[in-house]
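Below, each chain spelled out in residue letters.
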Amino acid sequence: MPEFPPRPPRGHVSLSRRLALTLALCGLPALAPLAAAMPETPEGLAALLGVPTPAERLTAALPTVHLTRVPQPASVLVVTTQSAAQVAARYGVPAAAVDPLPHAEDQRAKVLRVRLPAPELRRPPVWPRSVTTHTVRPGETLASIASDAGLSLLDLLSANLGRASLDDLTPGEALFVPTAERGLLVRLKPGQTALSVIAGYRADLARTARANDVLPTALRPGDYLLLPGIQAESLYAKLVERRAARQEAERLARVQAQYQRYLAWQHDRLQALYDQQEKYEAYLAWKNSPERQRRLQQYERQVQFEAAQAAERDRQQAAQSLSVQPAGVNVSAAGHLAWPMHAYRITSRYGEADIDFHKQVFHGGVDLAAPAGTPIYASAAGTVTESGYGAYGMNVYTVQGDSTLIYGHLSRSAVSAGQTVQQGDLIGYVGCTGICTGPHLHFELRLAGQAVDPLALLP
């Protein structure tokens, strides 16, 4: 079946079709095709004819509207049981500026809208002529400024209620300084009047008027009002308490910092002790190691062998001395040395690098370990040249000819310099003075200033 375009709704005939039908009925069938080709919308027809559209004509007929915001005076809502007249007096506005808002009849409190007066043109604030301003100089404090003006700190603080501290003054800052009447210097806020402030602080009206040299009713918000005889005692107490709290916090911070430094020092000190203990334990472990014992046995056999050879040479050359010097007699010339103690234990031999100190410094004698306080006797006769603290802690030097005997690390000496001793005389007692790892005697023999092994001359 053939398809037909959808039928337009009933009563709807396009503008071009209606115009074509009209031309045909009027006897102008030749213009009907031209009319059928005309636009179907009013906008298109207006564009074809070159005239404004109906919407454009309607828009042009509307007037131009400019909206201007009308400033409204500020207002506040007050919930109170007072009357509208009382609220108006408190805010310094006429009674007509107080409007009650709807509220339930059983509610005791009322809601009132108070229309505040329009703000006046800005002008510099006014303050009493007896109050001067002071510019803070470097190094000044509230106390020094008050003292220079003949005021108490409370008087100065009462004239500067904006202070948050008694100490944080900034150079260049301005302070109010009363020169006549002392009192509380307050600044009127919006909605306040001088009369309401005077009544609120229960100040004397006549005295206040004289102190300010102006009628209170002439003051406006932003002006300063001096209330004589009234002081900011609560603010002063609060700032004093705040200062004390800050000073206590600073003191606690200093104590904490000092304690932290002590803990750091204690840690370093203990660490040094731990390191020293670790080194000493390592030394003890090495000292008792099988390797060291094996080396000691080797040294002992070597010393015995050398001693036997020396004894054999002595027997063969009994008439000869080990060394002859015109300056004196050698130890060997007067006979062999005697052991300086009756009971001892050899812990380190001549030239042995058994401990760190002996590895760094050549060991020029033998170490004979014994309990502290064990008597020490002269190994050979001689003259005492030193008796006191020296290279080996508490030590004694005896000299015979070009031979020098050294007794080191003593706990105390029994002889004095210049004294002559014989073999077997008491020299001192075993100790651990100077660089020492335990109580022992450092016994050293020097021939012509050169250290030699004393075991070669000991029996």
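Residues numbered from 1 in each chain as written. Predicted model: local features only at pLDDT ≥ 70, side-chain atom pairs only at ≥ 80, totals over all residues. Heavy atoms only, no water.

Going by an unreviewed UniProt entry, the protein carries the name LysM peptidoglycan-binding domain-containing protein and comes from Deinococcus metallilatus.

Asker: Provide a residue-level description of the overall build of the protein, including the pertinent values.
Answerer: Along the backbone of the protein there are 12 helices and 17 strands. A total of 459 residues make up the protein; the buried ones form 30% of that total. Accessible surface for the protein amounts to roughly 29400 Å². Of this, 57% is attributable to carbon and sulfur atoms. (Helix = DSSP H or I, 4+ residues; strand = E, 2+ residues; numbered from the N terminus. Buried < 20%, exposed > 50% of the residue type's maximum accessible area, 1.4 Å probe, protein only. Areas by Shrake-Rupley, 256 points an atom, 1.4 Å probe, with all protein chains shown as cover.)

Asker: Mind laying out the packing of aromatic side chains, listing which residues take part and the relevant values?
Answerer: Following the criterion strictly, the structure yields nine aromatic pairs and no others. Measuring from centroid to centroid gives 6.2 Å for Tyr-280 and Tyr-283, while their planes differ by 40 degrees, and the two rings are tilted. Taken together, the residues span about one helical turn, with Tyr-280 and Tyr-283 both in helix 10 (residues 233-287) at a distance of three residues. One aromatic cluster in this structure is built from Trp-127, Phe-176 and Tyr-224. (Phe/Tyr/Trp six-rings, centres within 6.5 Å; stacked < 30°, edge-to-face > 60°.)

Asker: I'd like a description of the layout of surface pockets, backed by residues and values.
Answerer: The volume enclosed by the largest pocket comes to roughly 930 Å³. If you tally residues by element for the lining of the largest pocket, the top one is helix 10, at 10 residues. Class assignment of the residues belonging to the lining of the largest pocket gives a composition of 16 nonpolar, 12 polar and eight charged. (1 Å grid on protein atoms, 1.4 Å probe; cavity = no way out; pocket = protein on both sides within 12 Å on 5 of 7 lines; lining within 4 Å. Points joined across faces, edges and corners; volume = space filled by probe spheres on them. Nonpolar A, V, L, I, M, F, W, Y, C, P; charged D, E, K, R; others polar.)

Asker: Outline the state of the cysteines, supporting the account with residue identities and numerical values.
Answerer: A full pass over the atoms with the stated rule returns one disulfide. There is a disulfide in this structure between Cys-432 and Cys-436, and the S-S distance comes to 2.1 Å. Across the S-S bond linking Cys-432 and Cys-436, the dihedral sits near -115 degrees, which makes this disulfide left-handed. (Disulfide = S-S within 2.5 Å.)

Asker: Describe in detail the sheet that holds strand 2 (residues 98-100), supporting the description with residues and values.
Answerer: Across the sheet, three strands lie side by side as 1-3-2; this open sheet has antiparallel pairing. Pairing within the sheet leaves two strands with one partner each, and these edge strands are strand 1 (75-80) and strand 2. The sheet shows a mean angle of 30 degrees between the axes of neighbouring strands, taken without regard to direction. As judged from the three bridges shared by strand 2 and strand 3 (residues 110-115), these two strands associate in the antiparallel manner. Opposite Asp-99, over in strand 3, you have Arg-113 as the bridge partner. (Pairing = 2+ DSSP bridges. Axes fitted to C-alpha atoms, helices over the stretch in contact; angles between N-to-C directions.)

Asker: Requested: an account of unusual backbone geometry, with residues and values cited.
Answerer: For Arg-202, which is not a glycine, the phi torsion comes out positive at approximately 55 degrees. Topologically, Arg-202 is positioned in the loop between helix 8 (194-201) and helix 9 (205-212). According to the relative accessible area criterion, Arg-202 is exposed, its value standing at 79%. Phi at His-409 is positive, roughly 70 degrees, even though this residue is not glycine. One can find His-409 in strand 13 (residues 403-413). For His-409, a relative accessible area of 6% translates into the label buried.

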